[in-house]
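Per-entry structural report
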Amino acid sequence: MTTPLLLLHTWGGDAGTWAPALPYLRAGGRPVSAPDLPGHGIRAAEPFTLAGAVSAAAAARDRLLARTTQEDVEGDEGVEEGGAGAGRPGGGVDVVGSGLGALVALALALDRPSRVRSLTLAGFPPATGPAAAGRLAHTEAALHRDGTALFARGYTDSTLLSTDPARRDLLYRSMAATRPDTLLNSLRVTLGWTGHAPPRPLGLPCLILRGAHDDRISADAAATLAGQLGGTAAEVPGAGHLAYLDAPSAFAAALAAFHHTLEPAPPPEPPLPVPPPPGLDGGPGRDSRRVPGLSGSGA
């Protein structure tokens, strides 16, 4: 069965922002889960902390593994001993996060890697240092000046390259429904990511996925992080900072190409049978007189 896929949404987004990509990501019946992180979507009333977000992601991962493992062993007495996913090839899920979700995914892989088969970080890493401090100050001032709804409209217009009104509305509505303190707290954590999830080799397959037209994450920054984590970097053509919303089909194709490299090689084809030499198969043309020991005498 295909390895399950856990999707963690971007800053100010929610689970619904994955909707345009889901038809492509679920191709072939792949199990997928896209939870709301604390402070977002149906969990908007909850405070955001990175520890809480990692716990929420881990819980979603375990539910996904339990569900898919149960489907694999349907008709047996239950999930195999050893925990959800213990009987699955690879023993884990492929985790994909964008922006804020990428930080949560990275922290999950660093802190609780046992049920993670691979990691994909999109729209990540953000700038640090003075650039990060400037962005945080600008966001705080804009939220206080304009309010969340107007801020969300401006962010959507300046971030998405896609002109599809339905996709733009998904991001706008999710961000407009997010509390200002959640937006600021989660942005502060994301911009300070190196203090929360210092990059180091993960010991598992990792892809840093960047929109080809992302004006916030440079190609050099993506390549550097890939090297630090022991992974690789790739780009999504036609996409900006939010590649999974800008170009969902191309985003899914890039993931599929990466995940395909993780699948075990098919077993070799069995060798073709070698036909016996002429005259030894008992068929037409057999001539026992020409084979020593097979003369008719004594038979």
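In this text the structure is predicted, and so the values were computed from the model without any measurement.

Here is what the cut-offs are and how they apply
Residues numbered from 1 in each chain as written. Predicted model: local features only at pLDDT ≥ 70, side-chain atom pairs only at ≥ 80, totals over all residues. Heavy atoms only, no water. Helix = DSSP H or I, 4+ residues; strand = E, 2+ residues; numbered from the N terminus. Buried < 20%, exposed > 50% of the residue type's maximum accessible area, 1.4 Å probe, protein only. Contact = heavy atoms within 4.5 Å. Areas by Shrake-Rupley, 256 points an atom, 1.4 Å probe, with all protein chains shown as cover. Salt bridge = Lys/Arg side-chain N within 4 Å of Asp/Glu carboxyl O.

**With respect to the overall build of the protein**
In terms of helices and strands, the protein carries eleven helices and six strands. Counting all 299 residues of the protein, 47% fall into the buried class. Counted over contacts in the protein with a minimum sequence separation of 6, partners at least 24 positions apart contribute 74%. Working note: accessible area of the protein is about 14,200 Å², and carbon and sulfur atoms make up 57% of it.

**Details of the pattern of salt bridges**
Enumeration over the complete set of coordinates arrives at 13 salt bridges. Its salt-bridge partner being D169, residue R173 comes within 2.6 Å of it at the nearest N-O pair. Taken together, the positions of R173 and D169, both in helix α6 (residues 165-176) and four residues apart, correspond to about one turn of that helix. A residue is classified by how much of its surface remains accessible, and D169, at 28% relative accessible area, is partly exposed. Salt-bridge contacts for R216 lead to D215; the nearest nitrogen and oxygen are separated by 3.9 Å. Within this structure, R30, D94, R117 and E263 form a network of salt bridges that share partners.

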